[in-house]
Amino acid sequence: MPKTLLLVDGSSYLYRAFHAMPDLRNRAGDPTGAIYGVLNMLRRLHKDIAADYSACVFDAKGKTFRDEVYPEYKANRPAMPDDLVRQIEPLHDAIRAMGWPLLMVEGVEADDVIGTLAVEAQKRGMRTVISTGDKDITQLVNQQVTLVNTMSNETLDAAGVEKKFGVAPERITDYLALVGDAVDNVPGVEKVGPKTALKWLAQYRTLDNIIAHAGEIGGVVGENLRKARDWLPKARELLTIKCDVELPVKLEELAHDKHDEAKLAELFDRFGFRTWRL
């Protein structure tokens with residue numbers, strides 16, 4: 001039986017929990033909704049997935065290599081709400097106290113750390129389960145890598161990715177480059193949506209081949225494709241997860257640790273999560 005690596009996209013769930021949960025507060029009036037949402041998801045994951053190794057991965061502060069490639073990357077994102085900022089450090093404390101290895105690597109995003117670990121696990125014949133709500137991570141899916149989204153109860157293997165998006169995981173970055181990624185402020189081809197992008201990929205198979213045959217495509221979308229021809233390789237580069245990040249830990253160091261019961265009791269008291277007291 002192959003070993004299992006469980007990776008959680010903490011940054012993805014942090015935002016989703018903040019917006020999905022009610023405005024929970026403790027006795028002191030501190031916000032706790034995002035903390036509750038993420039911790040509840042982590043508790044559920046460990047019950048549902050028997051993993052030999054695991055990590056919860058967050059974006060580090062500061063710019064990444066993508067900002068150097070394209071200064072407008074994610075420039076459309078509003079500042080993080082103060083009520084969310086205030087929950088990050090206490091959430092990290094609680095995750096560590098629950099025994100989860102927590103990773104943040106400067107200069108890259110959480111996706112890149114997850115991708116690097118998934119590739120390393122694959123080399124060792126391990127199975128990887130990635131818990132995320134981020135569509136970009138679908139590019140990592142293969143026979144040994146599966147995605148789960150605990151908020152939507154969705155599980156995606158390679159066939160599931162193709163059914164949902166219309167393209168196989170290895171073509172996801174080509175697809176996203178064509179349609180653009182508004183969340184990351186990466187423009188695609190103007191007026192090209194999923195239907196046109198899938199039609200082109202069905203006909204030409206790859207983004208490079210679409211670019212090579214851009215002269216054959218008529219109408220306004222053809223003109224727009226030719227205008228975007230020089231940009232598209234950079235868009236794909238921005239949307240491609242980096243899988244060779246230098247990590248501060250080895251995969252074998254990601255064994256789940258025991259709960260720090262005293263620390264958790266103190267934190268759960270502070271957060272007002274009385275039903276979670278051990």
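See the structure above.
In this text, all values refer to a predicted model and were calculated from it rather than measured experimentally. (Residues numbered from 1 in each chain as written. Predicted model: local features only at pLDDT ≥ 70, side-chain atom pairs only at ≥ 80, totals over all residues. Heavy atoms only, no water.)

*Asks:* Sorry, what's going on with the overall build of the chain here?
*Replies:* Helix and strand counts for the chain stand at 12 helices and 6 strands. Computed over C-alpha atoms, the radius of gyration of the chain comes to 20 Å, within 12% of the 19 Å expected from 2.2 N^0.38 for 278 residues, which places it in the range of a compact globule. In the chain, the proportion of contacts linking residues at least 24 apart, taken out of those at least 6 apart, comes to 71%. Each charge class in the chain was averaged separately, 37 positive and 42 negative side chains, and the resulting centres sit 4 Å apart. (Helix = DSSP H or I, 4+ residues; strand = E, 2+ residues; numbered from the N terminus. Rg over C-alpha atoms; globule rule 2.2 N^0.38 Å. Contact = heavy atoms within 4.5 Å. Lys, Arg positive; Asp, Glu negative; His and termini not counted. Charge placed at Lys NZ, Arg CZ, Asp CG, Glu CD.)

*Asks:* Help me understand the state of the cysteines in this model?
*Replies:* Working definition of a disulfide: a covalent bond connecting the sulfur atoms of two cysteines. For the structure shown, the criterion picks out 0 disulfides. Left without a disulfide partner, C56 is nearest to the cysteine sulfur of C243, which lies 19 Å away. (Disulfide = S-S within 2.5 Å.)

*Asks:* What is the right way to read helix α2 (residues 33–48) from this model?
*Replies:* An α-helix turns once per 3.6 residues; consequently, residues spaced three or four apart project the same way. With 16 residues, α2 extends 23 Å between its outermost C-alpha atoms, agreeing within 8% with the 22 Å of an ideal straight helix rising 1.5 Å per residue. What α2 keeps buried is the set G33, A34, I35, G37, V38, L39, M41, L42 and L45. (Expected span 1.5 Å × (residues − 1). Buried < 20%, exposed > 50% of the residue type's maximum accessible area, 1.4 Å probe, protein only.)

*Asks:* Teacher, can you tell me more about the nonpolar core here?
*Replies:* Within soluble globular proteins, side chains that are nonpolar tend to cluster in buried spots. Judged by nonpolar contacts, the single largest core of 55 residues is most densely connected at L5, I130, L178, L225 and L232. Not counting residues up to four positions away in its chain, the partners in contact with L178 are G188, V189, V192, A197, W200, L201, L207, I210 and L232. Counting 32 residues, the second largest nonpolar core, distinct from the first, contains V38, L45, V129 and F268. (Core = buried A, V, L, I, M, F, W, Y, C linked by side-chain atoms within 4.5 Å.)

*Asks:* Teacher, can you tell me more about the pattern of salt bridges here?
*Replies:* Two side chains with opposite charge may pair up if their charged atoms get near one another. Within the structure shown, the criterion is met by 20 salt bridges. Between D30 and R86 there is a salt bridge, and its shortest N-O distance comes to 3.0 Å. One end of the pair, D30, is in the loop between α1 (10–20) and α2; the other, R86, is in helix α4 (residues 82–97), and 56 residues separate them in sequence. Residue classification places D30 among the partly exposed positions, given a relative accessible area of 30%. Judged by its relative accessible area of 38%, R86 falls in the partly exposed class. Of the charged contacts, one joins K135 and D181 as a salt bridge, the two residues approaching to 3.5 Å between their closest N and O atoms. (Salt bridge = Lys/Arg side-chain N within 4 Å of Asp/Glu carboxyl O.)

*Asks:* Help me understand the side chain of Q87, please; the structure alone is not making it clear to me.
*Replies:* For Q87, the position within the fold is in helix α4. Accessibility expressed as a relative area gives 1% for Q87, which makes it buried. A distance of 3.3 Å separates the side chain of Q87 from the backbone nitrogen of G33, its partner in a polar contact. In contact with Q87, not counting residues within four places along its chain, are F18, P31, T32, G33, A34 and I35. (Polar contact = N/O pair within 3.5 Å; in protein donor to acceptor, adjacent residues only side chain to side chain.)

*Asks:* How should I be thinking about the packing of aromatic side chains in this particular structure?
*Replies:* Two measures describe an aromatic ring pair: the distance that separates the ring centres and the angle between the ring planes. Enumeration according to the criterion identifies 7 aromatic pairs in this entry. Between Y36 and W276, the aromatic rings sit 4.7 Å apart at their centres with planes inclined by 15°, giving stacked as the arrangement. One end of the pair, Y36, is in helix α2; the other, W276, is in the segment after α12 (261–271), and 240 residues separate them in sequence. Relative to W276, the ring of F273 lies with its centre 5.1 Å away and its plane at 70°, an arrangement referred to as edge-to-face. With a relative accessible area of 6%, F273 lands in the buried category. Taking relative accessible area as the criterion, W276 reaches 6% and is therefore assigned buried. Taken together, the ring pairs in this structure connect Y36, F268, F271, F273 and W276 into an aromatic cluster. Sitting above the plane of the W276 ring, R43 keeps its charged end 4.3 Å from the centroid. A cation over a ring is seen here: K242 above F65, with NZ or CZ 5.8 Å from the ring centre. (Phe/Tyr/Trp six-rings, centres within 6.5 Å; stacked < 30°, edge-to-face > 60°. Lys NZ or Arg CZ within 6 Å of the ring centre and 35° of its normal.)

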